[in-house]
Structure formats: C-alpha cells, structure tokens
Amino acid sequence: MKVPISWLKDFVEIDIDEHQLSDKLVNCGFEIEGIIYLKDRIQNVITAKITKIQPHPQADKLNICTVFDGEKDLTIISAAPNIKEGDIVPVALDNAVLADGKKINAAEFRGILSHGMMCSGAELDISEEEFQGAGIDGVLILPKDTPLGEDINKIIGNDDIILDIAITTNRQDCNSILGIAREVAVVTGKKLKMPDLSYKEIDQDINDILKVENENFKLCSRYMAKAAIDVKIEKSPAIIQKRLKAVGIRPINNLVDVTNYVLIEIGQPLHAFDYKLLKGGKIVVREALDGEKITALDGKEYTLTSKNLAICDEEKPVAIAGIMGGEYFSINQDTSSIVVESANFARDSVRHTSKQLNIRSESSQRFEKGIDFLSQEVGLNRALHLLDKYGWAKVMKGVIDSKQREIEKQTIQTTFDAINKVLGINVSKEIIVDILNSLEFVLQVKDHELTVEVPSYRIDIEGVNDLAEEVIRIYGYSNILPSMLENARMTQGGKNTEQKRMDKIKSILISHGVYEIVNYSFISPKSFEMLNLNKQNPLRDAIKISNPLGLDMSVMRTNLVYSMIKTLVSNITRGNKTLRLFEVAKAYIPKSLPLNELPQEKSILCLGFVGENEDLYSIKGVVEDILATMNISCEYIRADIEYLHPNRAADIVANGKTIGYLGEVHPKTLENFDIDKRIYIAEISVDYILENALDFKPFKAISRYQNMERDLAVIMDIDTPVKEALDLIQTNGGDILESCEVFDVYQGEQVPKGKKSVAFKLSFRHFERTLKEEEVNAVINNILTAFKTINAELR
Amino acid sequence: MHEQIKKISLAVMEKLKDADSLNLINDIRVKFLGKNGEVTALFKNLKSCPPDQRPKIGQLINDLRNQVELAIKEHENKVAEREKNKKLAQETLDITLSKKTRKVGALHPLNQVIEEISQIFIGLGFAVKDGPEIELDYYNFEALNIPADHPSRDEQDTFYINDNILLRTQTSAVQVRIMEKEAPPLRIICPGKVYRPDDDASHSPIFHQIEGLVIDKNITLCDLKALLDNFARSYFSSQTKTRLRPSYFPFTEPSVEVDLSCAICNGKGCSLCKGTGWIELLGAGIVNPRVLEYAGIDSKEYSGLAFGMGVERAAMIKYGIPDIRLFYENDYRFLKQYR
C-alpha cells in the first residue's frame, strides 16, 4: 500500500525522516517495500526565461528560442504557439525524464541543436487546479516571480515522499492512511488526530425518499446510505488530485475522487449513484438472478449468476456488490442528487465474484482482504464532510443503516504471566499496560489478571498469543534473549532405520561415481508416447493437475525413467557424454481416477548410465552391489518392457516379487528422444529395499586353513544362461566350495559355432583342516558330471 | 697353520673388494665357506696338528670362519642395498600424469544442504519426518488455521488436483500429521518438496523447504531465538547473527521473519543483501494455539515453536548460485562442482 508521508501528517505529527519512520514500521511488523520520492519521476527539468524567439529558417512551424537559466543561454527549438519573450517556462534539459517516464535528449531540428524541450502541464502531470496555467494546451507559463534555474519539482510542489508498505493479511485495518497513522502514533509516541467527520444537514430526510431491503445479511453484514442533493460536478481541488495521483489513482471529478479519497484514507470502499435513475425509490441487496446482465463502469457487459451479490433497484442491478457500479447509474454531468453507499460485503463472496467475472477494482481488493465493521460509518461521514466542506452538495438528514446486529465487543481474560510465558522474558506489568493502551485496547487490571477489550477494527486479535505479539512488536524483538530449550524435555532425535539405510544406499551410489539429480515431479502426458507405453499400461494412469503451468508440467509422474532419459539426453546434447546419474523420488500412483483419496507415493531409485565404457553389466553391477549391501538376494529374469531393448532387459525379482528392472533403452525410444547413444536404465522400489534390508548378518567364523583354487573352462550352448552352470556348481560344490565366479565369456573362432566358452574360478576351503587334492578333484568331477545335463563340458 | 689362517683372511678381504654383485659374493662364500671351501679345508686339516694344539688351533679356525661369514654378510648387505637403490632409481614416473579411474559421484547440492541442516538439528535431539506431497486441503491449509475464505490463500497460489486434494505448498503440512500421531515432547524437522505455480530466476514451481517444530510445556520465543541463532552460526559462520522482525503467518502467533546477517559482507551491505546487511531466510513463530487444538494437543498445557526455510535459497546464499533453475537442469558440469 502506498502511503504519502504528507497525508499521514494529517493524522499524526511526524518529526523523524523517512528512513527512521521506515525502520520503526519494520520493527512493528510492516515490511517497507520501497521509499518513493515523487521528485524522482520528473528529472532534470528546470525553470528558464525566454529571452528571444526567432523563426527557424528551415521550418515554418518551429521557432528558435533562446532561454536563460540564470547563468547561461540555451537554445530550445519549439513549436508551441503560446509563448512569448519574457515568459518563464519549465525546460527539460538533455537527459531529462518527464512524468510519464519519457526521456528527453538534446537533438538537432533541421540543422539546429536544441538543448531540450519546454514542457506543458500535462507533461509534468499537473492539472489547472494544482497549478494555474497547467491546464492549457501548450507550454506551462510560470509566474513572473519564479526563480530561474530552479528544479521544477520545487516550483510545482512535487516533493512528497511515499512509503510502499506491505500489509500482512491479518492487518487489513492498516490498509488505509488512517490505519498506518494509528500505528505510527503508537511507535513514535505521538497522539492520533482523528479525521474531521462533521457536516451540515438539510431538513429533508433520506428515509422519505429511499428504502433499503437487505435480503442477504450473510454476504452483506451492513449496508449504510446517505443522500445528498444539489450536487455540483467539478474538478477536485489540488490536494485531492495530488494525493490520488501519488497513490496511483487518476482524478476524474469531485464525486468519484471523494469516494476514492475516502477508500485510501479510511479504507472504506464507497459507491455513489445517481438517485433519480433508481427505479421505485429503493435499493435491494440480493443475489443476482441467473443470467441477469449489467454493464459496469468499465463499459463491459457482465452476466451474473445466483452466486453473485448485486445491489439493485426495483428492476435491475445497479452495481456488482463491492466490485463495480453499473454504467447507467453512474455519476454524470447531469447528476443532481446522489445516494452514497457504505457497506461491508463478505470477502469470499467478493473474491468469488471478482474471479468469476474477471474484474478487479480498488474496491474489490479491499473487500477481498476484509474490512472492519466500524469503518462504514467513519468512511461515509468522512465523504459527506468533504462534500459539505467544498460546497459540492447538500447532505440530507437521516441515515439508512441496515445491519443484522450490533458488533459484539471482544474481550480477552488473561494474566500478565500468560503473556510473558509466550515471550519467555519478563515484561513489566506497567509496560504491558502502556503498550496495550497505546494500541487502543481497553484494560481492566486486577492484580495479575487482565481483562482486555479489543478495538473493533482489530479482528485479528483472538487470544493471549495475539496480545503477546502486540506487546513484543512494540516493546521490541531485540529484547528477546536466546535460551536453548532450557525448560523443555530432552528428546531422542536422529534418523530412523529406513533413513539411515537410504543414506547408505546413496553413499554406495556415490562411491560408484553416480551423481544425484532432482527432477520435477510433474511431467508431460506425452511422456507415455515417448516411452512407447502400451495403451493399457497402468503407468499411463497419472494424476492430472487441474491448474498446471503448462502441458509439459501437467501430470504427476508414475515413474522416474522419463525424467531420467530426458536429463541424460539434455546432458549429452550439451557435450556431457559420460554420465552416471541417479534420482530417488516419489512416483504418484492413484488408487483410482479421478482421485477421491490420497494416492500412493512410492519411493523409487532410478539409475541412468551413458558412456563408452558402460554396458548392461556395469549398471547391473551397481544394482547388485546395493542389493548385496542391503542383504537382499535377487534373481534377474528376462523382461519385456516397452521402452527397453527386447534382449537386454531384466526384471529384478526378490522373494518372488518384482522390485524393479534394468536394461538398455530401446532404440525406438531413443529415436523419440532424438539420440543415438546407448543408455542404460534401472528402476528399483526403494520402499521394498528399506523395509526388507538386513543391516548385518550373524557372525560367521573364518577358516584358518589354506584355500585351493581351480579354474574351469567350459564349452556350453550359446543360448544356455551361465546362471544354470553356476547353479550346478553351487549344488554340487558341497561344503568345501567357498566361492565361484565367472571371469571370462568367449564366443568366436576358438570355439565351435553355437557354443561359448565360459571360465569359472572356484575356491575350495575346509573349516577344520587343510584340503587334500583328491577331495577337490572329486567335487570337480561331480560338477563336470552334472554339467552334462546342460550339455556343457570341459574345454 | 697360523700363516695359513692369516693368508685366507686377507684373501677374503681382497676378493670382496672387487665383488660388486650378489652373484660374485655368493661365489666367494662357496670358495671359502662351501663344502670344499678353503676354511672348511682347514677344519679337515686339523687332525694333522698335534693333539695338544688342536683345541687352540680349532678355536682360531672357528674365529676365522665367523670373521669371514660376517665380512661376507656385511658386504652382501651393502651390495643388496645398492642394487635396490639402483632399481628404484630406474623406476621413474611422471607424477603429473593421472590414470583414468572412476571418480566418486555426489549428492545433489540441494540434498547436501538438506543433510547439512538436518544434522545441525539432529544434534539437538530433532527427528527427521516426512509427509505426503499430494496432500489434503485440510493438512495444508485448514488445520494450519487457514480456512477456505482466508485472504492468505490468495497470496499463495496452489496447484490443485481437485477441490480437496492439492500439491502441498509448504512443509508445514506435515506438522499436524505428526502431532496427531505422536505425543509431546516433540522435536522434528521435515525436509521435502513443495509446489507453487511460480517460474522465474528466483522461483521454481517445485522447491524444497525444511520445517522445524518443537512442542512441549514452556516453549517460548526465547527458545526460538536460541535455536535459530545456533542454526545460523552452524550453517553459515560463527559470526552470523539473526534478527527477528514481526510478521504474520496464520499458523504461528506471534510470527516473525528471521533475517541473517549477510554472510558475504558480514552486515556491511553488499549486492546479495541489497545493501541492508541482512538476508531474509526463515519464517517462524510460536505455534498458534488453534493449530495445537486442530491436532488434538491441549494448548493450555503445551506450547510450541515452528520455523520454515527454503532450501534453494539457503543453498543459493551459501554457494552464490544466481539462478534457481540451475538446480533442476541437472547439468553434469553443475553437479560436479559440489562433490
């Protein structure tokens, strides 16, 4: 909210500068978003006297003017018809900035250099009311006694300083000059001067000419109206115009300006309509009929529904409640009698209607934030005071005040200790009383007890915590001294077992040279096509965001593989060609669609490898290492997955349950991503691993005796999985087989067609004694005999 | 006999002088001490001596043998040492070269920051908690004292799935879920992903927050101040200070914004802190008694404190990262900087 300091001074004395004032406001809860100096809008425009005017030799309409700035002569080329020698005028010099932001530079006009430009009132954003002569269409002629070479801002009184204050949503009572002044008074120790609300009334009574029927107290808790006759429509005086412009509102005419002025000053939106256009001498506050139409002040026609509150006459809507008046009923040059409305409309109703119809106004913004019950009366009287003061209208006596009930005064019963218990420091009784009094709370103190009557505009105050906040924000947060949970009980903190297991998995991945990535949780629905998923694949059942930022971020991902491939691809195209990446994140699996309960959020580990030295076995090695460290035994079973190479994909199966897969990405999928590198992918259920991991196995004694190693080179059918041979070695290895691994697989010239040579390294060891050759030989023979069942033999 | 002993002794010394390899030394050993060696021969000749002199001469031959053995051994050690050094001298490598080996990877910088901050609070007895990212309106708003018509809902745009289900906008959503399940005393932090429809250099539609919550009897603003001071000093530097400013959040009362003294300029004013010397990093406050009541905790008996911070912002400040989108591009050259 923009607050001109000069306006604040109407209600509170300010004897500190704008920076000190800002600091004080920050310390009591108002963030200052900026300090605006009005003079910064107009830069490098000075006063100068025209000493000579000659016609431009090359242009009929241009004159060459010599102007004197008090020190030197300048040349200004001008087409203005209203200037004469001896006039004092505003001159925008080279690099000047005008009120609308336009920059002026020295420039040549048909061969003659002009040092700048003479300015009109409009270019300085001042009206006739603000400065005599500013209203004419031409250069602003300044009074004869204007000093030369002076900054124009000084001459036209453009010197206000404006604080741009962020008002938190609980302090709607500060969305006005008066509200901020009230806070300033408290933090500077000055007295608040209330605005003048007095005015004369004539004998005619509004109740004789107008009836108000409020059909909806829920959406309109109070509807006040006063009437005035003999209305004069004219321009507002300088002070109103200046102030409205300072807060960003364009002055229009005195009546419109007064409603806007009171809106900013008191925080109460008002609305004025032409009385004689109201049919039936009455105002009805009601829900609109479905399909009812109104053309608003912005010239657009809106179609209302029964969810919109309307202010109507006997026949049709006069205004969209709290948002905008109807064009037909608006103040115009022929208006002679007016009704001024000051109402309190429910914030959610205004918000809903404003959203539905897509109109916003100063008024709707106030109502959406919520206004208090008392400001209707203050706002209405303030407007009438201004109408009366400037002689713009005669106010009729009587008032229409339609409300369901009087506002109840809120009181809070508490103790001084209770306030200090929230703060943790000991603020004295006297200070607490002083602070709350200064904030217009009405107190009754009895020993340690305190009864607090809350000012009606402070609807944010509900209990002792709120009072504690009021005390400390005025007393000062610098008085809060640290005490590290001195009165709290100790707790058992730290990570739980699953969290520690997750950390271990990640550290294993890191030691394998894998980098962690973090991707968006929402992806494009096109991802399913990119992955060539079957139409029936349940992964397509993704949760849709109803208001996404775009199609690319519109569905919650059901796996991590699409994001992983995309990340690999974007890295490859940027020249990062050798990469190992992993992500641990949620996949969002709906129980049913559309969603009627929270979905399952499944934790998944996704790996993605690319690079010259990577193959299926390198990614499988890392997966095996994780599973082995977690003591989960798994089988790898050939899998059929749409986006994986048909012959290079495996399901990871633990205890009969598929917990993930790994494989090489299908060339067709890679084509979709426009990439020709081989990419290796794995996805594993983190939930399964964390739940089923074993942190350590029972201790196993180590044999003290020497082992014996044997290498076996075996010729077997190319299609027989090596796993079958390994299983036979295991089952026939007896107690003495310690370990067995494959160290070479060969197919080619040295072995017959359709065969492969596999080399195994076997290690034998006895627990209690040194092994004998014969014992090992016997086992080897058993293994070789068993190999016959799979058509494998020693090479 | 004496003559002979002396002669052999000299001969050994003489031969050893020229023996510059282990093989030559071994030859000498065989020549004198071997089965048919000269010293061995002396023992064989002993029986030709008169019996009364035999013990004495025997003793002399023994001494000779010991002396020869020692001399050979010493020389042998010397030569062996020389040969080892020679071998080492030949084994030169250019230590400026490296072999291509697999280098370690790294956690994503955001998760490194989460881990670092988590450890600061774990040290103070905090447990690490988690909650759903697709959340009920109730936990994200209503139970945090943000009813449907609350004006602060407008300020905080939200991704909705439907009227009742949304993507959580704040990790505060975990607060009530945990309080419903666990009894005080509670000290928890909840790191996690949150979502809001903003997308520019300082806003990402998905970002991370860390929420902190302490519930017990007698929790005050002074406890909050101490916890945040400790965090600021641990995460940034021992010089970092905190400043509390009054603010407003529906779920805390009193509410504060927490500024940290700028880590770059130590409060003198720089471009990071826009000349103010302070950086806004956290929102915090005393848990609104209404929130405790929503969670079924007696607000007469218990009080609490809560704080929340943006992880991206904490990381950007600490590492000087200018654009939030870098975190989600996952460019290897970016990730590699945070090993």
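Residues numbered from 1 in each chain as written. Chains lettered and ligands numbered in written order. Predicted model: local features only at pLDDT ≥ 70, side-chain atom pairs only at ≥ 80, totals over all residues. Heavy atoms only, no water.

A.B. asks: Hey, could you go over the overall build of chain B for me, with residue numbers and the actual values?
C.D. replies: Per the secondary structure count, chain B includes 13 helices and 9 strands. The globule rule puts the C-alpha radius of gyration for 339 residues at 20 Å, and the 41 Å found for chain B is more than 25% above it. Each principal axis of the C-alpha distribution contributes one length, and for chain B these read about 130 × 45 × 45 Å. Evaluated residue by residue, chain B yields a buried proportion of 54% over its 339 residues. Looking at chain B alone, contacts between residues at least 24 apart form 66% of all its contacts between residues at least 6 apart. On chain B, roughly 16000 Å² of surface is accessible, and the fraction owed to carbon and sulfur atoms is 50%. One finds the centroid of the 46 positive side-chain charges in chain B at a distance of 15 Å from the centroid of its 47 negative side-chain charges. (Helix = DSSP H or I, 4+ residues; strand = E, 2+ residues; numbered from the N terminus. Rg over C-alpha atoms; globule rule 2.2 N^0.38 Å. Buried < 20%, exposed > 50% of the residue type's maximum accessible area, 1.4 Å probe, protein only. Contact = heavy atoms within 4.5 Å. Areas by Shrake-Rupley, 256 points an atom, 1.4 Å probe, with all protein chains shown as cover. Lys, Arg positive; Asp, Glu negative; His and termini not counted. Charge placed at Lys NZ, Arg CZ, Asp CG, Glu CD.)

A.B. asks: Give a detailed account of helix 6 (residues 238-246) of chain A, specifying residues and quantitative values.
C.D. replies: All names here are of chain A. Taken together, the buried positions of helix 6 are occupied by Ile 240, Gln 241, Arg 243, Leu 244, Lys 245 and Ala 246. Taken together, the buried residues of helix 6 touch strand 1 (2-4), helix 1 (5-8), strand 11 (161-166) and helix 7 (254-266). Of the residues trailing helix 6, Gly 248 is marked for its positive phi of about 90°.

A.B. asks: Summarise the sheet that holds strand 27 (residues 449-454) of chain A; cite the residues concerned and give the values.
C.D. replies: All names here are of chain A. The strand order across the open sheet formed by 3 strands is 25-27-26, and the pairing between neighbours is antiparallel. The open sheet is flanked by strand 25 (410-415) and strand 26 (442-446), the only strands paired with a single partner. Averaged over all pairs of adjacent strands, the angle between strand axes in this sheet comes to 15°, irrespective of strand direction. Across the sheet, helix 12 (residues 429-438) touches strand 26 and strand 27, and the angle it forms with strand 26 is around 160°. (Pairing = 2+ DSSP bridges. Axes fitted to C-alpha atoms, helices over the stretch in contact; angles between N-to-C directions.)

A.B. asks: So what's going on with the pattern of salt bridges? Which residues, and what values?
C.D. replies: Residue and element names in this part refer to chain A. Evaluation of the coordinates by the stated rule reveals 73 salt bridges over all chains. Here Asp 711 ties to Lys 761 by a salt bridge, and the two come within 3.1 Å at their closest N and O atoms. With Asp 711 in strand 37 (residues 708-717) and Lys 761 in strand 39 (residues 755-764), this pair connects stretches of sequence that are 50 residues apart. Judged by its relative accessible area of 45%, Asp 711 is partly exposed. Relative accessible area serves as the criterion here: at 28%, Lys 761 is assigned to the partly exposed category. (Salt bridge = Lys/Arg side-chain N within 4 Å of Asp/Glu carboxyl O.)

A.B. asks: Quick rundown of the pairing of strand 5 (residues 206-216) of chain B? Include the residues and the values.
C.D. replies: All names here are of chain B. Of all the 11 residues making up strand 5, 11 are buried; the element is thus mostly covered by neighbouring parts of the structure. Every second residue of strand 5 is oriented toward a common face, with Ile 206, His 208, Ile 210, Gly 212, Val 214 and Asp 216 on one face and Phe 207, Gln 209, Glu 211, Leu 213 and Ile 215 on the other, all of them buried. Strand direction decides the pairing type here: strand 4 (residues 186-195) and strand 5, joined by 10 bridges, are antiparallel. Across the sheet, the residue bridging to Arg 187 is Val 214, located in strand 5. Looking at chain direction, strand 5 and strand 9 (residues 303-310) are connected through 8 bridges and run antiparallel.

A.B. asks: Explain the interface of chain B and chain A to me, using residue names and the numbers behind them.
C.D. replies: Where interface size is quoted, it is often the accessible area lost as the parts come together. Contacts between the two partners involve 91 residues from chain B, matched on the other side by 88 residues from chain A. In total, chain B and chain A occlude about 7400 Å² of area from one another, counting both sides; carbon and sulfur atoms represent 56% of this. On the surface where chain B and chain A come into contact, there are 8 salt bridges. Of the charged contacts, one joins Arg 489 of chain A and Asp 216 of chain B as a salt bridge, the two residues approaching to 2.7 Å between their closest N and O atoms. (Buried area = accessible area lost by both parts, 1.4 Å probe.)

A.B. asks: So what's going on with the domain arrangement of chain B? Which residues, and what values?
C.D. replies: Annotation of chain B at the domain level lists domain 1 (2-90) and domain 2 (109-338). Here domain 1 of chain B and domain 2 of chain B have C-alpha centroids that lie 86 Å from each other. (Domains from an automatic or database assignment.)

A.B. asks: Outline helix 13 (residues 464-475) of chain A, listing residues and values.
C.D. replies: Residues and elements named next belong to chain A. In a regular helix each residue adds 1.5 Å, so 12 residues correspond to 16 Å; helix 13 covers 16 Å between its end C-alpha atoms and thus fits that length. The element helix 13 is largely enclosed, with a buried count of 9 among its 12 residues. Among all positions in helix 13, only Asn 465, Asp 466, Leu 467, Ala 468, Glu 469, Glu 470, Val 471, Ile 472 and Arg 473 are buried. (Expected span 1.5 Å × (residues − 1).)

A.B. asks: I'd love a proper account of the layout of surface pockets, names of residues and values included.
C.D. replies: Residues and elements named next belong to chain A. The computed volume of the second largest pocket comes to approximately 1700 Å³. Surrounding the second largest pocket, 33 residues form its lining, Tyr 617, Lys 620, Tyr 636, Pro 721 and Lys 723 being those nearest its centre. Among the secondary structure elements, those contributing two or more residues to the lining of the second largest pocket are helix 17 (616-629), strand 33 (635-638), strand 34 (644-654), strand 35 (657-665), helix 20 (722-732) and strand 38 (737-746). The greatest single-element share of the lining of the second largest pocket, amounting to 7 residues, is contributed by helix 17. Its residues assigned to classes, the lining of the second largest pocket comprises 18 nonpolar, 5 polar and 10 charged. (1 Å grid on protein atoms, 1.4 Å probe; cavity = no way out; pocket = protein on both sides within 12 Å on 5 of 7 lines; lining within 4 Å. Points joined across faces, edges and corners; volume = space filled by probe spheres on them. Nonpolar A, V, L, I, M, F, W, Y, C, P; charged D, E, K, R; others polar.)

A.B. asks: Could you give me a rundown of the nonpolar core, with the residues and numbers involved?
C.D. replies: Judged by nonpolar contacts, the single largest core of 134 residues is most densely connected at Ile 679 of chain A together with Phe 121, Ile 134 and Phe 307 of chain B. Considering each element in turn, this core owes the most residues, 8 residues, to helix 9 (residues 221-235) of chain B. Among residues more than four places away in sequence, those in contact with Ile 679 of chain A are Leu 568, Val 569, Ile 572, Phe 609, Val 610, Gly 663, Glu 664, Val 665 and Leu 670 of chain A. Among the nonpolar cores identified, the runner-up in size contains 55 residues, and Leu 25, Val 187, Ala 272 and Ala 383 of chain A belong to it. (Core = buried A, V, L, I, M, F, W, Y, C linked by side-chain atoms within 4.5 Å.)

A.B. asks: Can you tell me about the sheet that holds strand 34 of chain A, naming the residues and giving the values?
C.D. replies: Residue and element names in this part refer to chain A. The strand order across the open sheet built from 7 strands is 28-31-32-36-35-34-33, with neighbouring strands paired in mixed fashion. The sheet terminates laterally at strand 28 (515-516) and strand 33, the two strands that pair on one side only. Packed on one face of the sheet, helix 14 (residues 497-511) meets strand 28, strand 31 (579-589) and strand 32 (600-610) and runs near 150° to strand 31.

A.B. asks: How would you summarise the pairing of strand 32 of chain A if you had to cite specific residues and measurements?
C.D. replies: Residue and element names in this part refer to chain A. Within strand 32, 9 of the 11 residues are buried, which leaves it mostly tucked inside the rest of the structure. Sheet analysis places strand 31 next to strand 32, joined by 11 bridges and oriented antiparallel. Its bridge partner being in strand 32, Phe 582 is matched across the sheet by Leu 607. Strand direction decides the pairing type here: strand 32 and strand 36 (residues 679-685), joined by 7 bridges, are antiparallel. What sits directly across from Phe 609, in strand 36, is Tyr 680.

A.B. asks: An account of the state of the cysteines is needed here, citing residue identities and associated values.
C.D. replies: Counted under the stated rule, the structure contains 0 disulfides over all chains. A disulfide-free cysteine, Cys 270 of chain B has its sulfur positioned 3.5 Å from the sulfur of Cys 262 of chain B, the nearest such atom. (Disulfide = S-S within 2.5 Å.)

A.B. asks: Got a sec to walk through a positive patch on the surface? Specific residues and values, please.
C.D. replies: Side chains of Lys 100, Lys 103, Lys 336 and Arg 339 of chain B sit close together on the surface and give a patch of like positive charge. Of note, Lys 336 of chain B is situated in the segment after helix 13 (332-335). (Patch = residues over 30% accessible without salt bridge, like charges linked within 9 Å, V, L, I, M, F, W, Y side chains within 5 Å.)

A.B. asks: Quick rundown of the environment of Gly 269 of chain B? Include the residues and the values.
C.D. replies: Structurally, Gly 269 of chain B is set in the loop between strand 7 (252-261) and strand 8 (278-287). Overall, Gly 269 of chain B belongs to the partly exposed group, its relative accessible area being 29%.

A.B. asks: Could you give an account of the packing of helix 20 of chain A against helix 21 (residues 773-787) of chain A, with specific residues and numbers?
C.D. replies: Residues and elements named next belong to chain A. Running from N to C, helix 20 and helix 21 point in directions that differ by 140°, and their axes come no closer than 9 Å. Between helix 20 and helix 21, the interaxial angle falls into the category oblique. For the pair helix 20 and helix 21, the sense of crossing is right-handed. The residues of helix 21 that touch helix 20, namely those facing Ala 725, Leu 728, Ile 729 and Asn 732, are Val 779, Asn 782, Ile 783, Ala 786 and Phe 787. Classifying every residue of the contact of helix 20 with helix 21 gives 7 nonpolar, 2 polar and no charged. (Parallel < 35°, antiparallel > 145°, perpendicular 65-115°, else oblique. Left-handed = near helix turned anticlockwise from the far one by under 90°.)

A.B. asks: Give me the environment of Ile 419 of chain A: which residues, what numbers.
C.D. replies: Residues and elements named next belong to chain A. For Ile 419, the location among the structural elements is in helix 11 (residues 416-423). On the accessibility criterion, Ile 419 (0% relative accessible area) is buried. Here the alpha-carbon distance between Ile 419 and Leu 467, two residues 48 residues apart in the chain, equals 7.0 Å. In this structure Ile 419 touches Ile 432, Leu 450, Val 464, Leu 467, Ala 468 and Val 471, once residues within four positions along its chain are discounted.

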